[in-house]
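Architecture at a glance
Below, each chain spelled out in residue letters.
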Amino acid sequence: MSYKGKFRVWRGDSEGGDLKDYEVEVNEGEVVLDVIHRLQATQAPDLAVRWNCKAGKCGSCSAEINGMPKLMCMCRMNTFEEDEVVTVTPMRTFPVMRDLVTDVSYNYQKAREIPAFTPPADLKPGEYRMQQVDVERSQEFRKCIECFLCQDTCHVIRDHEENKESFSGPRFLMRIAELDMHPLDAADRQHEAQEQHGLGFCNITKCCTEVCPEHIKITDNALIPMKERVVDRKYDPIVWLGNKIRRRGA
Amino acid sequence: MTELERHSYDVVVIGAGGAGLRAAIEAREQGKRTAIVCKSLFGKAHTVMAEGGCAAAMGNANSNDNWQVHYRDTMRGGKFLNNWRMAELHAQEAPDRVWELETYGALFDRTPDGRISQRNFGGHTYPRLAHVGDRTGLELIRTLQQKIVSLQQEDFQATGDYEANLKVYAECTVTELLKDGDAISGAFGYWRESGRFILFDAPAVVLATGGVGKSFKVTSNSWEYTGDGHALAMRAGATLINMEFIQFHPTGMVWPPSVKGILVTESVRGDGGVLKNSEGKRFMFEYVPDVFRAQYAETEDEADRWYKDPDNNRRPPELLPRDEVARAINSEVKAGRGTPHGGVFLDVSTRLPAEEITRRLPSMHHQFKELADVDITAEPMEVGPTCHYVMGGVEVDPDTAQSVVPGLFAAGEVAGGMHGSNRLGGNSLSDLLVFGRRAGMGAATYVDQLGSERPKIAEADIDAAAAEALAPFELEGGENPYTIHTELQQSMNDLVGIIRKEEEMERALAKLAEYRGRIAKMTVEGHRQFNPGWHLALDLRNMLTVSECVAKAALQRQESRGGHTRDDFPGMNADWRKLLLVCSLDTDGGVNVVRKDQIPMRDDLLELFELDELKKYLTEEELPAT
């Protein structure tokens, strides 16, 4: 069942690089990451690649396979024809460090800019009471393995470095939605979603949902409801009036 | 003089899984400047792989549960070899540690009255595991990660710098601990990206590096599990205990090769799945040991009735303890009755309707569908034992988590003693939280006691550590580290695996001696920037040291207990229960194993057990006077 597969892997670093062709053994039942590992062990011992669990649970081995953002450990070789060239390139939205490894620090920066969970001040540990139906909405978003494929595919930042400062990307807008829907979170999330994290940039093309390996409905369940909450408040006549009066008083 | 970047901290935590993050949170909250150093990106540690849950006697699902019951279950699970003080602290403190996670933002599954739901698991008397579906580990690590971020936000408010008091050094590997006299003075390592060296000047180091599974061919562990903390501790003069005890989970995937070793949850059997050999026979009925004979069904009919009527029927033998099932599968395969890919069949497709399977076992259905092209609602799975967890680790003081080396602490899987000879499912996540916090506290207290008398780093030690790290680049024409690693894994799997024999372990030790020579002469190609060959070469030294500990300790222990099965000594022996095997390094880098008496259990803890039960484990002299 073994055959010689044709691979084209991007090799290089921040200075530049290009696609390099390899012929490498492929065995029955393997995934792209197995073949990349065989390349390392036999022909390219210094090929840089990030990976960890190899079971789709840690979100480390993100790359673009024939142009599609995917986890290499969940991409089976039998989805390709034996004579098909498999092209593996690093995620395009983030700066390349080396070969398939990119600098994803943008994501960690954005994570830091979202104020942490804020429980009610007088609630003691052990006294938290929440209903299953109420935690389920946020639980869906907490399935996120932080592979950053949604960030990679999002056109707002994919070829627009200039938007990175004002846009946090689907992963972190979803994190804000998660906190906003947390039954016990006491902080105001809606204003910051729009003003600090660029929720308005999102025009719900659902590309993020399509590439999510955890099948989280990012657009439908996090981003759209968050947009609705922002709009509800912004155009709520009573809130509007309240803001006017307060501003006048000040 | 070696060129490197230098940083000064009060506490350096190595490892960013559950134990490391919890330790760092504690040290920072105690006012200590803390660094976390980890081999992967922040948030990717092996803790994400934990599925079942976190054991804590909160009594939400059954109000009869309390720490004493949890303590008893843990000691029984470890066949009484556990460090009883650790098991006591663990059972007492686990509920507070879980409730604390809710204040950090964790969202566990709920009971109907809104509290944290708890599930049943092997060896636990009552439903005890706090969980989030089958992704509890991910919830735990993300929650701790977000707590770290919130502490950094506090520091930002106060100082304008997120990283003023707590910084994560991700994709950075520590290769050596440094000492001033007897005490820890710092840690030396390199950035995986650039290969540049980095030095941490710190009087306290917490090891939280996890396990050693990558020394075995078939494992559920990731590449990070190369025994780094175990080996670093030994090179710094600390001791390891219980290294002969390795948990092999009976059901790992065996096909396709890419996922060999990945876990198949115990719930498959709990929900009715049965094990069959290539002849279609439910072989587990042949493997019920005498001590369990009374509790397990003798016919398939009786076993099948148990699922609906557990009060009037005995349990199916598929639900024997993990070590028994793993050994049975091993025997069937060795006898030539295995599947085409060297496992046995685990079949749930003929036992439950398809929709029931997808409802009860969604992640297993998804895992087999996506990775093996197997529809578990229509066909059997192929499974076999997989190396899962090391019970052994750094010998520590139970209350402070400090090793015998002043300033060196250890928590989580890298620490030894808590689980004795066998860990119960669910006790790992709670272990991380309880002892992660204690290690952070222990380190902070230690730093306070030092005052201004901080150990100093010697320049010569830095140069030596740098030379050691660069050694694989120095030679030419030597072997590729991947080849040696593959052979080491095969040897450990075949010769010090699930069933052990004196003659095979002797052979393993001879092999390990041979690898030692080859590792000293291996070569690495390319340069220092993100070079996986070099990284493996450095990790390989650690795997070799740890493998020697496992093989030498296993050869000495002449009994079978928990995660250590001797073909030539099949029974449990109370005289051996009293003994710990303590591993240390001698001056030429070889592993020494010495015997040490266990500290007798405190009387009030002993009184938690019936005399008849104690008689199964303790020697005549150890039993309480009646």
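Residues numbered from 1 in each chain as written. Chains lettered and ligands numbered in written order. Predicted model: local features only at pLDDT ≥ 70, side-chain atom pairs only at ≥ 80, totals over all residues. Heavy atoms only, no water.

**Topic: the overall build of chain A**
Where we set the bar: Think of it this way: any DSSP run of H or I at least four residues long counts as a helix, any run of E at least two long counts as a strand, and we number them from the N terminus. In what follows, residue pairs with any heavy atoms lying within 4.5 Å of each other are defined as contacts. All accessibility values rest on the Shrake-Rupley procedure with a 1.4 Å probe; residue burial counts only the protein chains present in the view. Counted as positive: Lys and Arg. Counted as negative: Asp and Glu. His and the chain ends are not counted at all. Lysine's charge is taken at NZ, arginine's at CZ, aspartate's at CG and glutamate's at CD.
If you tally the helices and strands in chain A, you get 10 helices and seven strands. Here the analysis covers contacts within chain A between residues at least 6 apart in sequence; of these, 62% occur between residues at least 24 apart. By element, 50% of the accessible surface of chain A is carried by carbon and sulfur atoms, the whole surface being about 11400 Å². The centroid of the 35 positive side-chain charges in chain A is displaced by 5 Å from the centroid of its 41 negative side-chain charges.

**Looking at the environment of B:T226**
Residues and elements named next belong to chain B. Filter applied, for reference: Polar contact is defined as a pair of N or O atoms within 3.5 Å, subject to the rule that within protein one atom must be able to donate a hydrogen and the other to accept it, and that residues adjacent in sequence are counted only when both atoms are side-chain atoms.
By secondary structure assignment, the location of T226 is in the loop between β11 (204-207) and α5 (228-235). C-alpha separation for the pair T226 and I25, spaced 201 residues apart in sequence, amounts to 25 Å. Here D228 takes part through its side chain, which lies 2.5 Å from a polar atom of the side chain of T226.

**What about the UniProt feature "coiled-coil region" (unreviewed entry) in chain B?**
Basically, it comes down to this: UniProt positions are given in the numbering used here, feature names are shortened, and annotations may be inferred rather than shown by experiment.
Taking the numbering used here, the UniProt-annotated feature "coiled-coil region" (unreviewed entry) corresponds to residues 498-525 of chain B. Overall, residues 498-525 of chain B shows 68% helix and 0% strand. The separation of its end C-alpha atoms is 36 Å.

**Structural notes on the pattern of salt bridges**
Any two side chains of opposite charge can pair, so long as their charged atoms come close to each other. Applied cut-off: Each reported salt bridge corresponds to a side-chain nitrogen of Lys or Arg within 4 Å of a carboxyl oxygen of Asp or Glu.
Summed over all chains, the structure comprises 73 salt bridges over all chains. The residue B:E171 makes a salt bridge to A:R50 at a minimum N-O spacing of 2.6 Å. Note that B:E171 is positioned in the loop between β7 (166-170) and β8 (172-180) and A:R50 in the loop between α1 (32-42) and β3 (62-65), a pairing that runs across two chains. Through salt bridges with shared partners, a single ionic network connects A:R142, A:R175, A:E178, B:R135 and B:E139.

**Quick look at empty space enclosed by the protein**
Heads up, the rule is: In this analysis a 1.4 Å probe is tested at points of a 1 Å grid over the protein atoms alone, and where it fits but cannot get out there is a cavity; an open set with protein on both sides within 12 Å along at least five of seven lines is a pocket; lining residues have an atom within 4 Å of a point. Grid points are joined across faces, edges and corners, and a volume is the space filled by probe spheres set on the points.
Applying the stated criterion to the full structure yields eight cavities of 30 Å³ or more. Its volume calculated, the second largest cavity comes out at about 160 Å³. Lining the second largest cavity are 14 residues, and of these A:A111, A:E146, A:R175, B:Q146 and B:V149 sit closest to its centre. The biggest single contributor to the lining of the second largest cavity is helix α4 (residues 136-159) of chain B, with four residues.

**Observations concerning the sheet that holds strand β13 (residues 246-253) of chain B**
All names here are of chain B. Here is the rule: We call two strands paired when DSSP finds no fewer than two bridges between them. Between N-to-C directions, angles span 0 to 180 degrees; the directions come from axes that are lines fitted to C-alpha atoms, helices contributing only their stretch in contact.
In spatial order, the strands read β13-β16-β15-β14; together these four strands make up an open sheet with antiparallel pairing. The open sheet has two edge strands, β13 and β14 (274-276), and neither has a second partner. The sheet shows a mean angle of 45 degrees between the axes of neighbouring strands, direction not considered. Sheet topology note: the strand β15 (residues 344-347)/strand β16 (residues 381-390) ladder contains three bridges and is antiparallel. Paired with V344 across the two strands is V383, which belongs to β16.

**So, the interface of chain B and chain A**
Here is the rule: Buried area adds together the accessible area that both of two parts lose upon being put together, with accessible area traced by a 1.4 Å probe.
Across the boundary between the two partners, chain B contributes 62 residues, which contact 61 residues of chain A. Across the chain B/chain A interface, buried area totals approximately 5200 Å², and carbon plus sulfur atoms make up 53% of it. For the chain B face of the interface with chain A, the top three residues by lost area are B:K44, B:L107 and B:F530, together amounting to 13%. Linking chain B with chain A are six salt bridges, by the criterion used here. One salt bridge connects B:D373 with A:R76, and the closest N-O pair in it is separated by 3.5 Å.

**Thoughts on the domain arrangement of chain A**
Residues and elements named next belong to chain A. The criterion, for reference: Boundary definitions for the domains trace back to an automatic or database domain assignment. Just so you know the grouping, Ala, Val, Leu, Ile, Met, Phe, Trp, Tyr, Cys and Pro go in nonpolar, Asp, Glu, Lys and Arg go in charged, and all remaining residues, Gly too, go in polar.
In terms of domain boundaries, chain A breaks down into domain 1 (3-102) and domain 2 (105-238). Between domain 1 and domain 2, the C-alpha centre-to-centre distance is 30 Å. The partner domain 2 presents 17 residues to the 15 residues of domain 1 that form the contact. One can count two salt bridges joining domain 1 with domain 2. As a salt-bridge pair, R92 and D159 come within 2.5 Å of each other at their nearest N and O atoms. Across the domain 1-domain 2 interface, the total number found is six residue pairs in polar contact (both at pLDDT 80 or more). Listing elements by their share of the side of domain 1 that touches domain 2, those giving two or more residues are β3 and β4 (68-71). In the side of domain 1 that touches domain 2, the residues fall into seven nonpolar, four polar and four charged.

**Section: the sheet that holds strand β2 (residues 11-14) of chain B**
Residues and elements named next belong to chain B. Taken in spatial order, the five strands line up as β7-β3-β2-β11-β18 in an open sheet, and their pairing is parallel. Unpaired on one side and paired on the other, β7 and β18 (408-410) mark the two borders of the sheet. With strand direction ignored, the average angle separating the axes of adjacent strands in the sheet is 20 degrees. In this sheet, β18 lies alongside β11 in parallel orientation, the contact comprising three bridges. Across the sheet, residue L207 finds its bridge partner in β18, namely A410. Against the sheet, α4 makes contact with β3 (34-38) and β7, and its axis sits at roughly 130 degrees relative to β7, the strand it touches most.

**Examining the layout of surface pockets**
Taken as a whole, the second largest pocket encloses approximately 1400 Å³ of empty space. Lining the second largest pocket are 43 residues, with A:H37, A:W51, B:K214, B:H485 and B:Q489 sitting closest to its centre. Residue contributions to the lining of the second largest pocket peak at six residues, all from α1(A). Residues that form the lining of the second largest pocket fall into these classes: 15 nonpolar, 16 polar and 12 charged.

**A closer look at unusual backbone geometry**
With an omega of 0 degrees, the peptide bond between B:W255 and B:P256 qualifies as cis. Tracing the backbone shows B:P256 in the loop between β13 and α6 (267-270). With a phi close to 55 degrees, A:H215 is a non-glycine residue in the positive phi region. Mapped onto the elements of the fold, A:H215 is located in the loop between α8 (207-211) and α9 (218-234). One non-glycine residue with positive phi stands out, namely B:A401, at about 65 degrees.

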